[in-house]
Amino acid sequence: MSNKYLKVTNLKKSFGGLKAVDVHSLNLNTNELTSIIGPNGAGKTTFFDLISGFQDSDEGKVYLNDKNITRSQPYSIARLGMIRTFQLTKVFDRMTVLENMMFSASTVNNDSFIRSLIRLPSQKTTEKNIKEKSFEIMKDLNIDHMANSYARELSGGQKKLLELGRSIINDPDILLLDEPLAGVNPKLAEEILQIILNLSEKGISILMVEHNIEAVMKISQRVIVLAEGMVIADDTPESVRSDEKVIEAYLGSENE
Amino acid sequence: MKITFKSSLTILITIFSIFLVFLLNDEGEIPILFNLLTFAGIYGLAAIGLNVHFGLTGLLNFGHAAFMGLGAYVTVLLIPHAAGREGVVITTGLPFFLALLIGIISAALFGLLLGLPAIRLRGDYLAIVTIAAAEIFRLLVRDLESVTGGVYGIINFSNSLQQYRSGFIDNFASANDLNPSQIWIAFLSWTSIILVLLLLRRLTNSPWGRALRAVREDEDAVRALGKNAVWLKLQSFMLGAGIAGLSGVFLAFNYGTIQVSTFVPILTFYVWAIMILGGVGSLTGPIFGSIIFWVIISETNGIAQLIFENANGQQIAGVRFVLVGLLIMLLMIFRPSGLMGKKEELLLDVK
């Protein structure tokens, strides 16, 4: 059961004199919903960037299902089944919601220049299939009525949903969610949490960075606390909540 | 193209600008019109290539003149020509259409070569690199006199293409007192525009076009979704560069000579002006933008003379670009998406 999908050893990244990430060793277990919390500037997003290939680490190794992905390109990591979202929602503004979904569902082969030039019947079939699949997911996320609107016309919350839908359309094994609840109203936040829980129950391993501590404690099976780039706690939500180092990191030391 | 308010308005403005040619000239209207339509065809084709870069993929390319120049130089050097100060005559060469094909492919490969190191750069940085690369190209061509003829240019190559000229072009030209060589180039460049637009319509409505637009919108998201954004951008760069190469060949044959001074940065900016006028991201926009642009360029004499009595050449050139600038300013205020651009896809807000 406790199969490890991600192994991180001695991962370091500095910006000038500032140590952004300094993780000695970290393993993530398959089918687990893990959250990373920590004060602002704790290195959470940088850690995400390092394991998803968006930034190169100074030292250390990252293994995805025992494959070394240190310094791999983001797209090749994504093709291995680990898909990330972004803290500042990145939707394709001047494309329709449906196009956003269909682009994400489409494979590299289907996108190829030659195929698009020749227009093989197989491409039409693929397009029809991914269109259906896109509508299915949009319906689940309740954005199907916006299918033909430009993505930039969506509200902030709908953009979060679209980004989430885009990242799950190709059935990833692992989802890296960077603040999926940021800037979302409480009711929609509930809905998104429920969606994340459902995905987790479907067997997707999820690693989530989130500032909403209540939400994190409610749904996570494991909570990792980062402060100044280092892991200061790594346990079940209950133990982390009462961990003194965590309280100190969040609230400052009690002995001034 | 659907008949919408936008397209009817654009066509009306275009017809009006052609009408201006007849209004402002007392004689020789037809040769003037066909001369400007030739340039409009060639520059329009270049703007269509630029639109693949900027409108479709969001690549800020300010080195378009080099792609045009490379296509032209490679093609012309492969066919019989005379180059340099002594006019060294080379009588053997490839058939024109084979040379043209190699020229277009070379321009596309030049795009690839330039793109490999540069395409990872975003926005303004790519613009700086492309403009520098275009200048390097121009200086290289100027100094490699033994091959390219340097500042003396290349002459005597037109016949390779003109020998294919159809009889009906000759008949049409002589009936209207036109230069048949130029009409042949006009015919070829407008035919190329139609073919290239058909090709692009097919490509932009395909998954490939969708992927390019996604790159234009957000490269990081594209990479996070498992797509190789760099390769997509390189493909777009090559396609646009190839189209530019084709238009450069027509430009050379229209002049009948190749001069280093043809492929200068100002050429790039003419093409940019045409694309912005016509509408960034619109397939057909550059055609209309190009016609209107060339009406302004060729008819400013009359307008300048209305403003200054006895205007000299320099003053006319000044007025010309004041007018183009004014038109683009008005356009940006009242119709920022250009004549044919979609308001929803307004593409000039480069990040």
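Note that the structure is a prediction, hence the values are computed from the model and not measured.

K.L.:
Which residues make up the overall build of chain B, and what values go with them?
P.N.:
Of regular secondary structure, chain B possesses 15 helices and three strands. Computed over C-alpha atoms, the radius of gyration of chain B comes to 20 Å, within 12% of the 20 Å expected from 2.2 N^0.38 for 351 residues, which places it in the range of a compact globule. Judged by the C-alpha coordinates and their principal axes, chain B covers about 60 × 50 × 40 Å. Burial status across chain B gives 50% buried among its 351 residues. Contacts in chain B between residues far apart in sequence, at least 24 positions, make up 76% of those at least 6 positions apart.

K.L.:
Please set out the domain arrangement of chain A residue by residue, giving values where relevant.
P.N.:
Often the size quoted for an interface is simply the accessible area lost on bringing the parts together. Segmenting chain A into domains produces domain 1 (4-91 + 173-251) and domain 2 (93-153). Computed over C-alpha atoms, the centres of domain 1 of chain A and domain 2 of chain A are 29 Å apart.

K.L.:
Would you mind going over the sheet that holds strand E2 (residues 18-29) of chain A in detail, with residue names and values included?
P.N.:
Residues and elements named next belong to chain A. The antiparallel open sheet is built from four strands, whose spatial order is E2-E1-E4-E5. Looking at which strands have only one partner, the edges of the open sheet turn out to be E2 and strand E5 (67-68). Relative to E5, strand E4 (residues 59-64) is paired through two bridges, and the arrangement is antiparallel. Looking across to E5, one finds that Tyr63 is bridged to Asn68.

K.L.:
Any chance you could break down helix H5 (residues 121-140) of chain A for me, citing the residues and the numbers?
P.N.:
Along an α-helix, a turn takes 3.6 residues, which lines up residues three or four apart on a common side. Here H5 of chain A contains 20 residues, and its C-alpha end-to-end distance of 29 Å stays within 8% of the 28 Å for a straight helix at 1.5 Å per residue. Buried within H5 of chain A we find Gln123, Ile130, Ser134, Ile137 and Met138 of chain A. Taken around the axis of H5 of chain A, the buried residues stretch over an arc of 95°, which confines them to a single face. Exposed side chains of H5 of chain A directed beyond 90 degrees from the buried face belong to Pro121, Lys124, Thr125, Lys128, Asn129 and Glu132 of chain A. Where the residues of H5 of chain A are buried, they touch helix H3 (97-105), helix H4 (113-118) and helix H6 (156-168) of chain A together with helix H10 (207-217) of chain B. Where H5 of chain A terminates, the next one or two residues include Asn142 of chain A, which has phi positive at roughly 65°.

K.L.:
So what's going on with the environment of Ile328 of chain B? Which residues, and what values?
P.N.:
Residues and elements named next belong to chain B. Relative to the helices and strands, Ile328 is located in helix H15 (residues 313-334). Ile328 gets classed as partly exposed once you count the C-beta atoms within 10 Å, which come to 16. Along the backbone, Ile328 and Arg213 are 115 residues apart, and their C-alpha atoms lie at a distance of 25 Å. In this structure, Ile328 is in contact with Ala273, Ile276 and Leu277, ignoring residues within four places of it in sequence.

K.L.:
Give a detailed account of the confidence of the model for chain B, specifying residues and quantitative values.
P.N.:
Residues and elements named next belong to chain B. Of the residues in chain B, 97% have a pLDDT of 70 or more, and the chain-wide mean is 90. The spread of mean pLDDT over the elements of chain B runs between H15, the lowest at 82, and helix H3 (residues 64-78), the highest at 97. The ipTM value of the predicted complex is 0.91, and its pTM value is 0.91.

K.L.:
Before we move on, could you go through the packing of helix H13 (residues 265-278) of chain B against H15 of chain B and cite the residues and values that matter?
P.N.:
Residue and element names in this part refer to chain B. Orientation of H13 relative to H15, taken along the N-to-C sense of each, is 35°, at an axis distance of 10 Å. Considering the relative orientation of H13 and H15, their crossing is left-handed. Between H13, through Ala273, Ile276 and Leu277, and H15, the contact on the second element is made entirely by Val324, Ile328 and Leu331. Broken down by class, the residue content of the contact of H13 with H15 amounts to six nonpolar, no polar and no charged.

K.L.:
Tell me about the interface of chain B and chain A, and name the residues and values.
P.N.:
The interface is formed by 22 residues belonging to chain B together with 29 residues belonging to chain A. Looking at the side of chain B that touches chain A, the elements with two or more residues in it are helix H9 (180-204), H10 and helix H11 (219-224) of chain B. Counting residues per element, the side of chain B that touches chain A draws most heavily on H10 of chain B, which supplies seven residues. For the side of chain B that touches chain A, a count of residues per class yields eight nonpolar, four polar and ten charged.

K.L.:
Residue-level account of the sheet that holds strand E8 (residues 205-209) of chain A, with values.
P.N.:
All names here are of chain A. Read from one edge to the other, the open sheet built from six strands follows the order E6-E7-E8-E3-E9-E10, with strand pairing classed as mixed. With one partner strand each, in any of the chains shown, strand E6 (82-84) and strand E10 (230-235) form the two edges of the open sheet. Averaged over all adjacent pairs, the angle separating strand axes in this sheet is 15°, with direction ignored. The sheet contact formed by E6 and strand E7 (residues 174-178) spans three bridges and is parallel. Across the sheet, residue Arg84 finds its bridge partner in E7, namely Leu176. Against the sheet, helix H1 (residues 44-52) touches strand E3 (33-37), E6, E7, E8 and strand E9 (222-227), its axis set at about 150° to E7.

Definitions and limits used
Residues numbered from 1 in each chain as written. Chains lettered and ligands numbered in written order. Predicted model: local features only at pLDDT ≥ 70, side-chain atom pairs only at ≥ 80, totals over all residues. Helix = DSSP H or I, 4+ residues; strand = E, 2+ residues; numbered from the N terminus. Rg over C-alpha atoms; globule rule 2.2 N^0.38 Å. Buried ≥ 20, exposed ≤ 12 C-beta atoms within 10 Å, placed from the backbone. Contact = placed C-beta atoms within 7 Å. Domains from an automatic or database assignment. Pairing = 2+ DSSP bridges. Expected span 1.5 Å × (residues − 1). Arc of directions from axis to C-beta. pLDDT = per-residue confidence, 0-100. Axes fitted to C-alpha atoms, helices over the stretch in contact; angles between N-to-C directions. Left-handed = near helix turned anticlockwise from the far one by under 90°. Nonpolar A, V, L, I, M, F, W, Y, C, P; charged D, E, K, R; others polar.

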